[in-house]
Amino acid sequence: MSNAATPPGQEPRAPAEERSGPGVRHRALAALREAATAFVPPSGAAEPLLAQAPKRWMRRLPYVIVLGFAAVLVPVTAQVLGSDYGVNDGLSGALGFAQASPLLLAVRRPLTAWWIVFVADVIGAFVLLNHDDGRPSPFTAMVIVGYLVLCLALSLREPRRTVIGVWAATVAASLMLGALRSVNSQDTSVLMIVLSGAALLLGALIRERGETRRRLVEQETISEAERARRTLLEERARIARELHDVVAHHMTVIAVQADSAPYRLSGVSDDVRAEFESIAVGARDSLGEMRRLLEVLRSEDARDERAPQPGLDKLRQLVEATRRGGVPVELSLPKPVLEKDEEEWSKVSPAVDLSAYRIVQEALSNVVRHAPGAPTQVSLSTDGRHLTVLVVNGPAAKPVSGLESSGTGHGLVGMGERVRLVGGTLDVGPLPDGGFRVAARLPVAEPPSSAEEPVEPLESVDPAKEPDTS
C-alpha cells in the first residue's frame, strides 16, 4: 500500500512517477534558472542610460549611438560574411542581423541584449570554422566592435558581479573557439578577451564613480538637513535660556507679593492667608522647576549666562560698538524712547524687548561679517500696538574675508524663531543694489490670538516714514 507507515529514521520515498516524471524536470529547470541567475543576474532597472541627464539631447544620445552602430554593422557584417568568407546570403544576413541589431536594446536592457549577441556570436564563430582559411577567426572585426559597444553599455548599468560573469563567459567561449579555429587563420580570440575586459573595466569604473558621487550628494543633503535641524534646536534652547530671566522675574514678584500680602493688607482672614501661602509655594516650586529645566537646556560648552538680558535701552551701545568696528550705522528710535517716556515704553513686553534687541544684534553681525563697511540704517517705529524693527544695509564697501564670511548659520534661524515666539512676522532678503533688508513687526504686548486682529504684513512697512535719525 502506498500509505504504509515509513520506518523510523527514513524519509518517505516519492512515487515513481514523481521520481522520473515532470516533477524532476521542473526541479531541474528551477535549479538551472537559479544557477543562471547567480552567474549573471537579470537586469533589474528599466531606466535608460543617461535618463537623469538635464538636457533632452543628452538623454537621446545613447539611442542615436546604438542606432548608428546597428545601422552600420548589420549590412557590413552580412556583406563581409558573404563576400570574404563565402557564407550564403540568407545565413550571412541572418547572422548580421542577430549580431548587431540587439544593440538597440542596450540602452534599456543591456543584459538581455548581451545574451542574444553572445549566442549569435558563438553561432557565427562555429559557422566561420569552415570558411576561415587565412582570415580573422573566430570573431570578425564587426563582431568585436559590436561586442565592445555592448560591453560598455552593460558595465554602465549592471553590478560588479554581473560584469565579472559576462567577462568570464567571454573568456571561456573565446578560448574554446580559438582552439577550434583553423591553424592558417588569424586568431582574434585573445583580442576579444583583452578588449572586452578593457571595455567592461572602463564602464565599471565610470559606473562606480557615478555611484560614489551620487551617494556623496545624498549624504551631503542629509547632513545639511541635520545641520539645519540642529541649528534650529540650538537656537530654540538659547532663546529659552534667555527667556528664563524674564519668566523668573515675574514668578519672583508673584512669590514676594504673595508672601508679603498678609502683612501689607489689614483684616486678612485665615482662608485668604492660606490662599496667599499656597500661591507663594506654587511660585517658588515653579522657580525651582525652571532652574532644573535651564540646567537641561544649558549645553556643556555654554558660557555663563548670569548677566541681565539686554533690551532696547541698550541699542545705542550696540550701534556705537558696531561703528567702532568700521560699519557706518545710523539709528532711528521711536518717540517714546527719544523722549525717555518710560510709562509709554513700559507697555512693551519683556519678550518683545529682548527679541527686538537680538534681531538688531544679529542683523548688524551679519553686516559686519558679509558686508563690511556697508552703510546701514537701523530704525524702530511703533503705532502703539506693533513695534517695527528695520535694518537695511547697502553693498559691501570692503572685500569680504574668508574668516568673516564663515558663520554658524544661527542668525536668520534665530530671528525667525524669536519672531515666531512673540507672534510677529519677519521679512528678510537681498535688495536690488546688492544690499540686504531685515524687517520684523512684533506685537507690543501679548501675541494676538486667533480672535484678535493679526499682525499686518511686513510689505506695508515704508522706510521713508521712519523717525529721524538720532
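What you see is a predicted model, and the numbers here were worked out from it, not measured in a lab.

## Describing the pattern of salt bridges
Link 1 in the chain: As enumerated under the stated definition, the model contains 9 salt bridges in all.
Link 2 in the chain: Arg214 serves as the salt-bridge partner of Glu211, at 2.6 Å between the closest nitrogen and oxygen. Taken together, the residues Glu211 and Arg214, both in helix H8 (residues 189-264) and 3 residues apart, mark about one turn of the helix.
Link 3 in the chain: Taking the shortest distance from any N to any O, the salt bridge between Arg214 and Glu218 comes out at 2.7 Å. Of this pair, Arg214 and Glu218 both sit in helix H8, separated by 4 residues, roughly a single helical turn.

## Focus on the nonpolar core
Link 1 in the chain: Among the nonpolar cores identified, the biggest contains 38 residues, and Trp114, Phe118, Phe139, Tyr147, Leu150, Leu154 and Val166 are the most heavily contacted of them.
Link 2 in the chain: Within the residue set of this core, elements represented by two or more residues are helix H3 (56-83), helix H4 (89-100), helix H5 (110-128), helix H6 (141-155), helix H7 (160-180) and H8.
Link 3 in the chain: Of all the elements, H5 adds the most residues to this core, at 9 residues.
Link 4 in the chain: Filtering out sequence-adjacent residues up to four positions away, Phe118 remains in contact with Tyr147, Ala169, Thr170 and Ala173.
Link 5 in the chain: With 29 residues, the next largest nonpolar core counts Val329, Val367, Val378 and Leu380 among its residues.

## Quick word on the pairing of strand S7 (residues 436-443)
Link 1 in the chain: With 7 of 8 residues buried, S7 is to be regarded as a mostly interior element.
Link 2 in the chain: In this structure, strand S5 (residues 386-393) lies alongside S7, joined through 8 bridges in antiparallel fashion. Within S7, the residue paired with Val389 across the bridge is Ala440.
Link 3 in the chain: By the bridge criterion, 6 bridges tie strand S6 (residues 425-430) to S7 in an arrangement that is antiparallel. Paired with Leu426 across the strands is Ala440, a residue of S7.
Link 4 in the chain: Following S6, the chain reverses through 5 residues before pairing antiparallel with S7; Gly434 in that reversal takes a positive phi of roughly 100°.

## Details of the packing of aromatic side chains
Link 1 in the chain: A complete count under the given rule lists 2 aromatic pairs for this structure.
Link 2 in the chain: With centroids separated by 5.1 Å and ring planes inclined at 70°, the aromatic side chains of Trp114 and Trp115 adopt a geometry described as edge-to-face.
Link 3 in the chain: Overall, Trp114 belongs to the buried group, its relative accessible area being 1%.
Link 4 in the chain: Considering the side-chain rings of Trp114 and Phe118, the 4.9 Å spacing of their centres and the 20° angle between planes classify their relative orientation as stacked. Of this pair, Trp114 and Phe118 both sit in helix H5, separated by 4 residues, roughly a single helical turn.
Link 5 in the chain: Taking relative accessible area as the criterion, Phe118 reaches 18% and is therefore assigned buried.

## A short note on the packing of H5 against H6
Packed helix pairs are characterised by how far apart their axes lie and by the angle those axes make with each other.
Link 1 in the chain: The N-to-C vectors of H5 and H6 enclose an angle of 155°; their axes lie 10 Å apart at closest approach. The angle between H5 and H6 places the two elements in the roughly antiparallel class. At the point where H5 passes H6, the crossing takes the left-handed sense. Facing Pro110, Leu111, Ala113, Trp114, Val117, Phe118 and Asp121 of H5, the residues of H6 in contact are Val143, Tyr147, Leu150, Ala153 and Leu154.

## Overview of the sheet that holds S6
Link 1 in the chain: Ordered in space as S3-S4-S5-S7-S6, the 5 strands form an open sheet in which the pairing is mixed. Bordering the open sheet on either side are strand S3 (329-332) and S6, each of which pairs with just one other strand. Ignoring strand direction, the axes of neighbouring strands in this sheet form an average angle of 5°.
Link 2 in the chain: Taken strand by strand, helix H10 (residues 315-324) contacts S3 and strand S4 (376-382), and its axis lies near 165° from that of S3.
Link 3 in the chain: Where helix H13 (residues 350-370) meets the sheet, it contacts S3, S4, S5 and S7, and its direction lies at approximately 5° from that of S5.

## Considering the environment of Gly178
Link 1 in the chain: Looking at the element boundaries, Gly178 is found in helix H7.
Link 2 in the chain: With 40 residues separating them in the primary sequence, Gly178 and Pro138 have C-alpha atoms 6.2 Å apart.
Link 3 in the chain: When near neighbours in sequence (up to four residues on either side) are disregarded, Gly178 contacts Pro138, Asp187 and Ser189.

## With respect to a nonpolar patch on the surface
Link 1 in the chain: Judged by side-chain polarity, Leu50, Trp57, Leu61, Val64, Ile65, Phe69 and Val145 come together as a nonpolar surface patch covering roughly 620 Å² of accessible area.
Link 2 in the chain: The element contributing the most residues to the nonpolar patch is H3, with 5 residues.
Link 3 in the chain: Secondary-structure assignment places Leu61 in helix H3.
Link 4 in the chain: Given a relative accessible area of 34%, Leu61 falls into the partly exposed group.

## So, the packing of H6 against H7
Link 1 in the chain: Packing of H6 against H7 brings their axes to within 10 Å, and their N-to-C directions diverge by 160°. Taken together, the axes of H6 and H7 are roughly antiparallel relative to one another. Regarding H6 and H7, the two cross each other, and that crossing is right-handed. Where H6 abuts H7, its residues Tyr147, Leu154 and Ser155 lie against Val163, Val166 and Thr170.
Link 2 in the chain: Class assignment of the residues belonging to the contact of H6 with H7 gives a composition of 4 nonpolar, 2 polar and no charged.

## Quick word on the environment of Glu277
Link 1 in the chain: Looking at the secondary structure, you find Glu277 in helix H9 (residues 270-297).
Link 2 in the chain: In this structure, the C-alpha to C-alpha distance between Glu277 and Ala261, residues 16 residues apart in sequence, is 9.4 Å.

## Some thoughts on the confidence of the model for the protein
Link 1 in the chain: Taken residue by residue, the protein gives an average pLDDT of 76. The fraction at 70 or more is 75%.
Link 2 in the chain: Here residues 402-409 is modelled with pLDDT under 50, and outside its nearest four sequence neighbours on either side it reaches 10 contacts, counting other chains as well.
Link 3 in the chain: With pLDDT under 50 throughout, residues 448-470 is counted as low confidence; its partners more than four residues away or in other chains account for 47 contacts.

Cut-offs used in this document
- Residues numbered from 1 in each chain as written.
- Predicted model: local features only at pLDDT ≥ 70, side-chain atom pairs only at ≥ 80, totals over all residues.
- Heavy atoms only, no water.
- Salt bridge = Lys/Arg side-chain N within 4 Å of Asp/Glu carboxyl O.
- Helix = DSSP H or I, 4+ residues; strand = E, 2+ residues; numbered from the N terminus.
- Core = buried A, V, L, I, M, F, W, Y, C linked by side-chain atoms within 4.5 Å.
- Buried < 20%, exposed > 50% of the residue type's maximum accessible area, 1.4 Å probe, protein only.
- Contact = heavy atoms within 4.5 Å.
- Pairing = 2+ DSSP bridges.
- Phe/Tyr/Trp six-rings, centres within 6.5 Å; stacked < 30°, edge-to-face > 60°.
- Axes fitted to C-alpha atoms, helices over the stretch in contact; angles between N-to-C directions.
- Parallel < 35°, antiparallel > 145°, perpendicular 65-115°, else oblique.
- Left-handed = near helix turned anticlockwise from the far one by under 90°.
- Patch = residues over 30% accessible without salt bridge, like charges linked within 9 Å, V, L, I, M, F, W, Y side chains within 5 Å.
- Areas by Shrake-Rupley, 256 points an atom, 1.4 Å probe, with all protein chains shown as cover.
- Nonpolar A, V, L, I, M, F, W, Y, C, P; charged D, E, K, R; others polar.
- pLDDT = per-residue confidence, 0-100.

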